[in-house]
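# Coordinate analysis (summary)
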Amino acid sequence: MRVLEKDVDMLSVSYIGKPPQPRKFKLRFRDGSFRTVNVDQIKRVDSVTPNGHPNFVYYCYSEVDDRIVDYELRYFVKEMRWELYRVYE
């Protein structure tokens, strides 16, 4: 099992009183190339509060190269940072 945990450049939409909604993100590969992935569906959003700091975990899926890919996007509110998290088997 392999875990991918990567910072990503994110385009999101924010509404007053609600967590930000991810729309698309850019991934950088080892060879230096970039790829943009649209967030097709958000299945669920969990609010996690470690040490009193709110964070959000988005369970999403997208169609990439004619395949459906499940992944998590994590938003760290205090750091204003997005991270992609995926487990490969």
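In this report, the structure presented in the accompanying data block is examined. Quick caveat: nothing in here was measured; it's all calculated off a predicted structure.

### Here we look at the overall build of the chain
- Secondary structure assignment for the chain yields zero helices and eight strands.
- From first element to last, N terminus to C terminus, the chain shows the α and β order β-β-β-β-β-β-β-β.
- Taken against the 2.2 N^0.38 rule, which gives 12 Å for 89 residues, the C-alpha radius of gyration of the chain at 13 Å falls within 12% of a compact globule.
- A total of 89 residues make up the chain; the buried ones form 29% of that total.
- Of all intrachain contacts in the chain linking residues separated by at least 6 positions in sequence, the fraction that spans at least 24 positions is 29%.

### Looking at the pattern of salt bridges
- Under the counting rule described, the total for this entry stands at seven salt bridges.
- With a closest N to O distance of 3.0 Å, arginine 81 and aspartate 7 form a salt bridge. In this pair, arginine 81 sits in strand β8 (residues 81–88) while aspartate 7 sits in strand β1 (residues 2–7), placing the two residues 74 residues apart along the sequence.
- A relative accessible area of 25% places arginine 81 in the partly exposed class.

### Points about the sheet that holds strand β3 (residues 21–28)
- One open sheet accounts for three strands, arranged β2-β3-β4; its pairing is antiparallel. This sheet does not close on itself; its edge strands, each paired only once, are β2 (9–13) and β4 (34–38). Direction aside, neighbouring strands of the sheet carry axes that sit 15 degrees apart on average.
- Strand direction decides the pairing type here: β3 and β4, joined by five bridges, are antiparallel. Looking at β4, one finds that leucine 27 is bridged to arginine 35.

### Focus: the packing of aromatic side chains
- Tallying each qualifying case throughout the model produces three aromatic pairs.
- Where phenylalanine 25 meets tyrosine 71, the ring centres are 5.6 Å apart and the plane angle is 70 degrees; that geometry is what we call edge-to-face. Of the two residues, phenylalanine 25 sits in strand β3 while tyrosine 71 sits in strand β7 (residues 67–76), which places them 46 residues apart along the sequence. The pair phenylalanine 25 / tyrosine 71 is uniform in exposure class, with both members buried.
- Note on tyrosine 58 and tryptophan 82: the rings are 5.4 Å apart at their centroids and 40 degrees apart in plane angle, and the pair reads as tilted. Taken together, the residues span a long stretch of sequence, with tyrosine 58 in strand β6 (residues 55–64) and tryptophan 82 in strand β8 at a distance of 24 residues.

Cut-offs and rules
- Residues numbered from 1 in each chain as written.
- Predicted model: local features only at pLDDT ≥ 70, side-chain atom pairs only at ≥ 80, totals over all residues.
- Heavy atoms only, no water.
- Helix = DSSP H or I, 4+ residues; strand = E, 2+ residues; numbered from the N terminus.
- Rg over C-alpha atoms; globule rule 2.2 N^0.38 Å.
- Buried < 20%, exposed > 50% of the residue type's maximum accessible area, 1.4 Å probe, protein only.
- Contact = heavy atoms within 4.5 Å.
- Salt bridge = Lys/Arg side-chain N within 4 Å of Asp/Glu carboxyl O.
- Pairing = 2+ DSSP bridges.
- Axes fitted to C-alpha atoms, helices over the stretch in contact; angles between N-to-C directions.
- Phe/Tyr/Trp six-rings, centres within 6.5 Å; stacked < 30°, edge-to-face > 60°.

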